[in-house]
Amino acid sequence: MKETFCKERQVRLVEHYQVVIIGGGTAGFSAALYAARSGLSVLVVENNLPGGQIVTSPDVENYPGIEHISGFDFVETLKRRRAESFGAQLLSGQPSEYALSGTKKTLTVSGKTITADTVIIANGAKHRKLGCPGEEEFSGRGVSYCATCDGAFFRGKDVCIVGGGNTALDDALYLAKLCRKVYLVHRRDSFRASAITVDAVLKHEKIEFIPNSQVKQIRGGMKVESVLLVDKQGNESERKVDGVFVAVGLQPENKEFAPEVTLDEAGYIVADESCKTNLPGVFVAGDTRTKLLRQLVTAAADGAVAATQAAQYLQELA
């Protein structure tokens, strides 16, 4: 069996693994932990900084059993102290040229061909950005993409939430329980949400709906201090806020897996709680699959389920 050198942990990579995991976030490393603890050979392939979106969060307070931890420390513990300690290997590179339909799965990573008995897709989904000045600068310092993750940090403060779908309205109602004032900014004058939710938002005394408007700039010093809004007529106004929650949707990046792997209309990989895709031996975990709730705890659960399913699939092949 041929080997190649991996600079990530000064280890030798082989050309074939029992489990290859695409994506090094919470779902991916949870899957790696469970698969490696089962005695399987495991490779995690990650093109970007290991950890996924949570790695940039300064505070994690909603993961069961952990009172408080930074996103970086959470991922580092899961990756190095857990998954890698059981033998999972990490390869940095861009996977491409997938062939997942056959018994032997094939992918190319930075020019190298790797084969696997099973593949777990855990590449996550990216939050759609506003694209305005200040958004990147204040990410993690007042700009958040998860109200249920970070809302508690803005208790008793004024915040702004941007969006007009069910997620944005649900987030507005959630934040209204914690915050002093919630400005709901939407580029249209009507919502894309259930009538009951819309009615609850419009009647809530803490929520102020600002229609036909967009965030032009997020301002502040060390942290978010205000948002500059602009309406359809070009009129500008400023709101003093301590936080900006962006809820304009998620964007999965799964086109490279189609048409082999079935996607829904939004581009998510179709799978239920079993984490099985339409292809035997190919599983999916985390935000990239069709699911109701996208949180750290559900990503970790998916990883455990997908790894367990992969181990069972290998037993059936033996």
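Residues numbered from 1 in each chain as written. Predicted model: local features only at pLDDT ≥ 70, side-chain atom pairs only at ≥ 80, totals over all residues. Heavy atoms only, no water.

**Things to note about helix H1 (residues 26-37)**
Here is step 1 of the chain: Along its twelve residues, H1 runs 16 Å from first to last C-alpha, staying within 8% of the 16 Å computed at 1.5 Å per residue.
Here is step 2 of the chain: Most of H1 sits inside the fold, with ten of its twelve residues counted as buried.
Here is step 3 of the chain: Taken together, the buried positions of H1 are Thr26, Ala27, Gly28, Phe29, Ser30, Ala31, Ala32, Leu33, Ala35 and Ala36.
Here is step 4 of the chain: The first or second residue beyond H1 is Gly39, which carries a positive phi of 85 degrees. (Helix = DSSP H or I, 4+ residues; strand = E, 2+ residues; numbered from the N terminus. Expected span 1.5 Å × (residues − 1). Buried < 20%, exposed > 50% of the residue type's maximum accessible area, 1.4 Å probe, protein only.)

**Quick look at the environment of Asn166**
Here is step 1 of the chain: Along the chain, Asn166 turns up in helix H4 (residues 166-176).
Here is step 2 of the chain: In the structure, Asn166 is positioned 56 residues away from Ser110 in sequence and 40 Å away in space, judged by C-alpha atoms.
Here is step 3 of the chain: Setting aside anything within four residues of it in sequence, one finds Asn166 in contact with Arg192, Ala193, Ser194 and Thr197. (Contact = heavy atoms within 4.5 Å.)

**Concerning the layout of surface pockets**
Here is step 1 of the chain: In this model, the second largest pocket occupies a volume close to 230 Å³.
Here is step 2 of the chain: Surrounding the second largest pocket, 14 residues form its lining, Leu33, Tyr63, Phe74, Leu78 and Arg82 being those nearest its centre.
Here is step 3 of the chain: Elements with a contribution of two residues or more to the lining of the second largest pocket: H1, helix H2 (71-83) and helix H6 (296-317).
Here is step 4 of the chain: Here the lining of the second largest pocket is composed, by residue class, of ten nonpolar, three polar and one charged. (1 Å grid on protein atoms, 1.4 Å probe; cavity = no way out; pocket = protein on both sides within 12 Å on 5 of 7 lines; lining within 4 Å. Points joined across faces, edges and corners; volume = space filled by probe spheres on them. Nonpolar A, V, L, I, M, F, W, Y, C, P; charged D, E, K, R; others polar.)

**Structural notes on the confidence of the model for the chain**
Here is step 1 of the chain: Predicted confidence across the chain gives a mean pLDDT of 89, with 92% of residues reaching 70 or more.
Here is step 2 of the chain: Every residue in residues 1-11 is under pLDDT 50, and counting partners more than four places away or in other chains gives 24 contacts. (pLDDT = per-residue confidence, 0-100.)

**Here we look at the side chain of Gln295**
Here is step 1 of the chain: Considering the arrangement of structural elements, one finds Gln295 in the loop between strand E19 (282-284) and H6.
Here is step 2 of the chain: Not counting the four nearest positions on each side in its chain, Gln295 is found in contact with Asn62, Cys146, Thr148, Cys149 and Asp287.

**Topic: the sheet that holds strand E14 (residues 213-220)**
Here is step 1 of the chain: One open sheet accounts for three strands, arranged E14-E15-E16; its pairing is antiparallel. A strand with exactly one partner marks an edge of an open sheet, and here the two such strands are E14 and strand E16 (236-240). Neighbour-to-neighbour, the strand axes of the sheet open up by a mean angle of 25 degrees, direction not taken into account.
Here is step 2 of the chain: Taken together, the seven bridges between E14 and strand E15 (residues 224-231) define a ladder with antiparallel strand orientation. For Gly220, the partnering residue across the bridge sits in E15 and is Val224. (Pairing = 2+ DSSP bridges. Axes fitted to C-alpha atoms, helices over the stretch in contact; angles between N-to-C directions.)

**A look at the pairing of strand E17 (residues 243-246)**
Here is step 1 of the chain: Residues Gly243 and Phe245 line one face of E17 and the alternating positions Val244 and Val246 line the opposite face, and both faces are buried.
Here is step 2 of the chain: Here strand E10 (residues 143-144) pairs with E17 via two bridges, running parallel. Note that in E17 the partner of Val143 across the bridge is Val244.
Here is step 3 of the chain: Two strands pair when backbone bridges link them, and strand E11 (residues 158-162) and E17 are joined in this way by four bridges, in the parallel orientation. Bridged to Ile161 within E17 is Phe245.

**Thoughts on the pattern of salt bridges**
Here is step 1 of the chain: Counted according to the given criterion, the structure contains 13 salt bridges.
Here is step 2 of the chain: Between Glu136 and Lys129 there is a salt bridge, and its shortest N-O distance comes to 3.0 Å.
Here is step 3 of the chain: Since its relative accessible area comes to 55%, Glu136 is described here as exposed.
Here is step 4 of the chain: With a relative accessible area of 43%, Lys129 lands in the partly exposed category.
Here is step 5 of the chain: Linked through salt bridges whose partners overlap, the residues forming this network are Glu273, Arg289, Lys291 and Asp302. (Salt bridge = Lys/Arg side-chain N within 4 Å of Asp/Glu carboxyl O.)

**Let's talk about the sheet that holds strand E12 (residues 181-185)**
Here is step 1 of the chain: In spatial order, the strands read E10-E17-E11-E12-E13; together these five strands make up an open sheet with parallel pairing. Every other strand in the sheet has two partners, leaving E10 and strand E13 (207-210) as the edge strands with one partner each.
Here is step 2 of the chain: Against the sheet, H4 touches E11, E12, E13 and E17, its axis set at about 170 degrees to E11.

**Thoughts on the packing of H1 against H6**
Here is step 1 of the chain: Contact pair H1 / H6: the axes reach a minimum separation of 7 Å and the direction vectors enclose 40 degrees. With respect to the hand of their crossing, H1 and H6 are arranged in right-handed fashion. Mapping the contact onto sequence places Thr26, Ala27, Ser30, Ala31, Tyr34 and Ala35 in H1 and Leu296, Ala299, Ala300, Gly303, Ala304, Ala307 and Thr308 in H6.
Here is step 2 of the chain: By residue class, the composition of the contact of H1 with H6 is nine nonpolar, four polar and no charged. (Left-handed = near helix turned anticlockwise from the far one by under 90°.)

**Remarks on the environment of Ala318**
Here is step 1 of the chain: Within the secondary structure, Ala318 sits in the segment after H6.
Here is step 2 of the chain: On the accessibility criterion, Ala318 (88% relative accessible area) is exposed.
Here is step 3 of the chain: Spatially, the C-alpha atom of Ala318 lies 48 Å from that of Val246, the residues being 72 residues apart in sequence.

**Brief notes about the side chain of Thr298**
Here is step 1 of the chain: As for its placement among the helices and strands, Thr298 is situated in helix H6.
Here is step 2 of the chain: In terms of polar contacts, Thr298 uses its side chain to reach the backbone carbonyl oxygen of Gln295, at 2.9 Å.
Here is step 3 of the chain: Apart from residues no more than four positions distant in its own chain, Thr298 is found in contact with Lys291 and Leu293. (Polar contact = N/O pair within 3.5 Å; in protein donor to acceptor, adjacent residues only side chain to side chain.)

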